[in-house]
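Coordinate inspection notes
The residues making up each chain are set out below.
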Amino acid sequence: MQRTSFAEMHCSIGQSLERVGEWWTPLIVRDIYLGLRRFDEIAENLGIARNLLTRRLETLVTDGIVERRAYQERPLRHEYHLTEAGRELVPVLMALMAWGDKWATPAGGPPVRLVHRECGAEFTPQVCCSACGKPATSANVTALPGPGAASGPGTRVLARRSGIVPEEL
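Residues numbered from 1 in each chain as written. Predicted model: local features only at pLDDT ≥ 70, side-chain atom pairs only at ≥ 80, totals over all residues. Heavy atoms only, no water.

1. As for the packing of helix α2 (residues 24-33) against helix α5 (residues 84-103)
For the pair α2 and α5, interaxial distance at closest approach is 10 Å and the crossing angle is 110 degrees. In terms of axis orientation, α2 runs roughly perpendicular to α5. On the side of α2, the interface is formed by P26, V29, R30 and Y33, while α5 contributes G86, L89, V90, L93 and M94. A per-class count over the contact of α2 with α5 returns seven nonpolar, one polar and one charged. (Axes fitted to C-alpha atoms, helices over the stretch in contact; angles between N-to-C directions. Helix = DSSP H or I, 4+ residues; strand = E, 2+ residues; numbered from the N terminus. Parallel < 35°, antiparallel > 145°, perpendicular 65-115°, else oblique. Contact = heavy atoms within 4.5 Å. Nonpolar A, V, L, I, M, F, W, Y, C, P; charged D, E, K, R; others polar.)

See below:
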């Protein structure tokens, strides 16, 4: 199935999905985060076709989310490691996992527990305000136009509602 490209969408979520929204991509990033570094380990763990995994890893490298490091010269073999962008994606995956644990829990309960290394406590990820530290939810956050706000695919109606562009006649 061919997916829609979000490359022209003037939206940070659309642009993020253009890079990490393909179904296998979050699972590949998760596996690398969990320490599976070699192609064969990732392929075995996910049960993904090798040609598909090759394409996904190439895209992740091109997009700067994963880097390839040689660990053997003859024959040449690589390991995959998260870049800074990839490491900053991990909390997003943790939040998605928390949503899945609540709303789409596999039989038997959540398959993974998260433990905060600094305090040793098991925790459920949540998004918090960077200013006050309180949880940020759909009920207590207001979205306002940012410095890059413009009328375009994915933001056209919001831009019109915010007054960035005049109502169309």
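2. Focus on a nonpolar patch on the surface
Residues L96, W99 and W103 make up a contiguous nonpolar surface patch of roughly 420 Å² in combined accessible area. Within the element layout of this structure, L96 appears in helix α5. (Patch = residues over 30% accessible without salt bridge, like charges linked within 9 Å, V, L, I, M, F, W, Y side chains within 5 Å. Areas by Shrake-Rupley, 256 points an atom, 1.4 Å probe, with all protein chains shown as cover. Salt bridge = Lys/Arg side-chain N within 4 Å of Asp/Glu carboxyl O.)

3. Points about the nonpolar core
Counting residues in each nonpolar core, the largest one holds 22 residues, and the members touching the most others are I28, V29, I32, L53, L57, I65 and V66. Among the elements of the structure, α2, α3 (39-46), α4 (50-62), β2 (77-82) and α5 are those that each provide at least two residues to this core. When sequence neighbours within four positions are dropped, the list of residues in contact with V66 reads I32, L60, V61, Y80, H81, L82 and T83. (Core = buried A, V, L, I, M, F, W, Y, C linked by side-chain atoms within 4.5 Å. Buried < 20%, exposed > 50% of the residue type's maximum accessible area, 1.4 Å probe, protein only.)

4. Description of the UniProt feature "domain: HTH hxlR-type" (unreviewed entry) in the chain
Under the UniProt annotation, "domain: HTH hxlR-type" (unreviewed entry) lies at residues 11-108. Between the C-alpha atoms that bound residues 11-108 the distance is 37 Å, and the span itself is 61% helix and 13% strand. (UniProt positions renumbered as here; feature names shortened; annotations may be inferred.)

5. Thoughts on α3
Burial in α3 covers these residues: F39, I42, A43 and L46. One side of α3 holds all its buried residues, which, seen down the axis, span an arc of 100 degrees. Looking at the buried side of α3, the elements it contacts are α2, α4 and β2. (Arc of directions from axis to C-beta.)

6. Quick word on the packing of α3 against α4
When two helices pack together, their arrangement is given by the angle between their axes and by how far apart the axes lie. The interhelical angle for the contact between α3 and α4, taken along N-to-C directions, is 120 degrees, at an axis separation of 10 Å. The angle between the axes of α3 and α4 places the two elements in the oblique class. Handedness of the α3/α4 crossing: right-handed. Across the interface between the two elements, F39, D40, I42 and A43 of α3 pack against R50, L53, T54 and L57 of α4. Classifying every residue of the contact of α3 with α4 by side-chain character gives five nonpolar, one polar and two charged. (Left-handed = near helix turned anticlockwise from the far one by under 90°.)

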